[in-house]
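Notes for the structure review
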Amino acid sequence: MRLVAGASADGSATDNILAKPRLRLEHVTINYGRSRPAVDDVSLSIGAGEFVALLGPSGCGKSTLLNVFAGFRSPDRGRVLLDEQPHLGPSARCGIVFQKHALFPWMSVIENVAFGPRRLGLDRPLERAHALLDLVGLKDVAHAWPSSLSGGMQQRVGIARALATRPPVLLMDEPFGALDAQTRSLMQEELLAIWDKLKPTVVFVTHDIEEALFLAGRVIVMESLPGRVAREISIPFPRPRAHAIMDQPAFIEHRREIADVIRIEARKAFR
Amino acid sequence: MPADGSLAIEARSEISALRRTSRFAGAYPFVAGLLLPVALGAVWEALVYFGLANGRLVPPPSAIFRTLAELSSTGELYVHIRATLLRVLAGFAAGAVAGTLVGALIGYFRRFRQLLDPSLQGLRAVPSIAWVPLFILWFGIFELSKITLIAVGVFFPVYLGVLGAIEAVDRKTVEVGRAFRLSPLGLVRRILLPSILPAYVVALRQGLGLGWMFVVAAEFMGASEGLGYLLVDGQQLGKPQQIVAAILVFAVLGQITDWILSLLTAPFLRWQDSFARAR
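The notes below deal with the structure included here. (Residues numbered from 1 in each chain as written. Chains lettered and ligands numbered in written order. Predicted model: local features only at pLDDT ≥ 70, side-chain atom pairs only at ≥ 80, totals over all residues. Heavy atoms only, no water.)

**Focus: the interface of chain A and chain B**
Every contact between the two is made by 30 residues of chain A and, on the other side, 25 residues of chain B. Between chain A and chain B, roughly 2600 Å² of surface is buried when both sides are summed, and carbon and sulfur atoms account for 68% of that area. Counting the surface chain A buries against chain B, the share from its top three residues, A:Trp106, A:Arg119 and A:Trp145, is 24%. Counting across the interface, chain A meets chain B through zero salt bridges. The interface formed by chain A and chain B contains three residue pairs in polar contact (both at pLDDT 80 or more). Put simply, the parts of the chain that give the side of chain A that touches chain B at least two residues each are helix H2 (109-119), helix H4 (151-163) and helix H5 (181-198) of chain A. For the side of chain A that touches chain B, the class distribution of residues is 18 nonpolar, seven polar and five charged. (Contact = heavy atoms within 4.5 Å. Buried area = accessible area lost by both parts, 1.4 Å probe. Salt bridge = Lys/Arg side-chain N within 4 Å of Asp/Glu carboxyl O. Polar contact = N/O pair within 3.5 Å; in protein donor to acceptor, adjacent residues only side chain to side chain. Helix = DSSP H or I, 4+ residues; strand = E, 2+ residues; numbered from the N terminus. Nonpolar A, V, L, I, M, F, W, Y, C, P; charged D, E, K, R; others polar.)

**A few points about the packing of aromatic side chains**
Counting across every chain of the model gives 17 aromatic pairs over all chains. Between A:Phe115 and B:Phe180 the ring centres are 5.8 Å apart and the planes differ by 80 degrees, which places this aromatic pair in the edge-to-face class. Highlighted residues: A:Phe115 in helix H2 and B:Phe180 in the loop between helix H8 (171-179) and helix H9 (184-220), drawn from two different chains. When its relative accessible area of 5% is taken as the criterion, A:Phe115 is described as buried. Note on B:Trp138 and B:Phe139: the rings are 6.0 Å apart at their centroids and 80 degrees apart in plane angle, and the pair reads as edge-to-face. Among the residues examined, B:Trp138 registers a relative accessible area of 55% and is labelled exposed. (Phe/Tyr/Trp six-rings, centres within 6.5 Å; stacked < 30°, edge-to-face > 60°. Buried < 20%, exposed > 50% of the residue type's maximum accessible area, 1.4 Å probe, protein only.)

**Some points on the packing of helix H7 (residues 143-167) of chain B against H9(B)**
For any two helices packed against each other, one specifies the inter-axial angle together with the distance between the axes. All names here are of chain B. Orientation of H7 relative to H9, taken along the N-to-C sense of each, is 160 degrees, at an axis distance of 8 Å. Here H7 is positioned roughly antiparallel relative to H9, judged by the angle of their axes. As for how H7 packs across H9, the hand of that crossing is right-handed. Within the contact of H7 with H9, the residues separate by chemical class into 18 nonpolar, five polar and two charged. (Axes fitted to C-alpha atoms, helices over the stretch in contact; angles between N-to-C directions. Parallel < 35°, antiparallel > 145°, perpendicular 65-115°, else oblique. Left-handed = near helix turned anticlockwise from the far one by under 90°.)

**Overview of the environment of B:Gln272**
Residues and elements named next belong to chain B. Mapped onto the elements of the fold, Gln272 is located in helix H12 (residues 270-278). A relative accessible area of 32% means that Gln272 is categorised as partly exposed. Separated by 74 residues in the primary sequence, Gln272 and Pro198 have C-alpha atoms spaced 7.6 Å apart.

**Details of the pairing of strand E7 (residues 169-173) of chain A**
Residues and elements named next belong to chain A. Of all five residues in E7, five are buried, a share of seventy percent or more. Every second residue of E7 is oriented toward a common face, with Val169, Leu171 and Asp173 on one face and Leu170 and Met172 on the other, all of them buried. Pairing of E7 with strand E8 (residues 201-206), which is carried by five bridges, proceeds in the parallel orientation. Paired with Leu171 across the two strands is Val203, which belongs to E8. Assessed by its sense of winding, the connection that carries the chain from E7 through H5 to E8 is right-handed. (Pairing = 2+ DSSP bridges. Right-handed = clockwise from strand over helix to strand, strands pointing away.)

**Topic: the sheet that holds E8(A)**
All names here are of chain A. With mixed pairing, six strands are arranged side by side in an open sheet as E6-E7-E8-E3-E9-E10. In this open sheet, the two edge strands, each paired with only one partner strand, are strand E6 (94-97) and strand E10 (228-234). Looking at each pair of strands side by side, their axes are set apart by 20 degrees on average, direction ignored. Of the pairings in the sheet, the one linking strand E9 (residues 218-223) to E10 comprises six bridges and is antiparallel in character. The partner of Ile220 across the bridge, within E10, is Glu232. The sheet strands contacting H4 are E6 and E7, and the helix crosses E6 at an angle near 170 degrees.

**Overview of the sheet that holds strand E2 (residues 39-47) of chain A**
As a general point, the strands of a sheet are linked pairwise by backbone hydrogen bonds and lie either parallel or antiparallel. All names here are of chain A. Spatially, four strands are ordered E2-E1-E4-E5 in an open sheet, and the strand pairing comes out antiparallel. With partners counted over all chains shown, the strands left at the sheet margins are E2 and strand E5 (85-86), one partner each. In terms of strand pairing, strand E4 (residues 77-82) meets E5 through two bridges, oriented antiparallel. Directly across from Leu81, in E5, lies its bridge partner Pro86.

**With respect to the pattern of salt bridges**
Residue and element names in this part refer to chain A. Across all of its chains, the model carries 28 salt bridges over all chains by this definition. As a salt-bridge pair, Asp134 and Lys139 come within 3.9 Å of each other at their nearest N and O atoms. Take Asp134: its relative accessible area is 42%, and that puts it in the partly exposed class. Arg184 is the salt-bridge partner of Asp208, the closest N and O atoms lying 2.8 Å from each other.

What follows is the structure in structure tokens.
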């Protein structure tokens, strides 16, 4: 496939954490005008091609952090670096997938996917869009309206649109949160397959522990009020992964460990 | 592939939905809707015909159609239709343009909203007919005062529709546009405009409906021609058949202009259309 460039899909046992940092946060603080900052002095480094999950109870600032990565919000203190360059404002180098697909309802599926390539003036935008739709298994509905698709299909179009310009970074804000359990687990496997082919750097925001464990090479657990990194956990399961790993003792052990951290945090936020 | 499975299911449900509607498709709903008025008309016609009712205040259908035929054979009807239609169109155009511009301005720039919206809401609370004496003093009794009154009626639904539509735009789609560095103008043209279009069309149709409402009030202010004049004339000379005839023409014209408006805007809303069908 022409779109797959340079990615080493050798199925390495762990994600390439030693790769040069693609996204970096340095002492990032964000206030929403409340007494305690929404994000307090967070420093993170995410390597190229890494799959990182931001996990935490609602209100822990994980979506705020994603907005910082996307350039929609600049930090009140601290710096954001993309490929070691200051990252200011929204950029086509970060593809974004939202919880509610946010497709353009007035464009057909294929036009939605071709939107980015057209905007950036890439050659053969429609061809690129078709290739991406093929990748997410939706080439049959290229000319349908988004509103006529199921939730899972709409979300896959969203992923195709985010990837159509081949951005080095893919930011995902609880992308499967609104899907039913069966569709969600299919989508998780599909996302891993796509990631394995294109190897973008993925930052995946979720509050679902199993989802984070299944997908990510590294899980960053956030604590709330103020939003900080509570714990970083490397997930050692070999790739490609199948849902069967969820039954392994190691998986269950990780899940319990993270659940304990999150329960404390959720209780803090609940008050 | 899960896609194929769900696609097939969707296709099947669509086919069965088509089959379900096809049984009732065609003329049946239209005919069903006509049954009641036609039956009532026929009964009344028969009662008057056999002398059981005199039909002087409530004219039978035949009298109404005779009046319509007379008015149209002298060409008088078309003079009145033309006058009313021109007033509605001029008032609608002025009101729609003003409502669109002000709504867009206030919807797009928050600061304008705090400045202008309270005053506009205050003006909206005034029953529009209350402006009539003032408009006559300002603009005289001829066309300008009538068109202004209609424009005021059209302005508010269009203004509110545009404002609401801009507020309801999915912020995430705007962010996608920003990520691809659309300029403010590009955001308006490529994201905001198509987003608000469906609600805008609804607002325009509401505005047009109010335009037809206000043209009657405007023509009651004193007019020598127009369908409103036919109403007043029918009342003063005791010709109920002329009043009902004018009401019928109003209904038909209102429907036709609304239909033309939705026909003109349909090409921009094809995607919404398919949404309605998928439901």
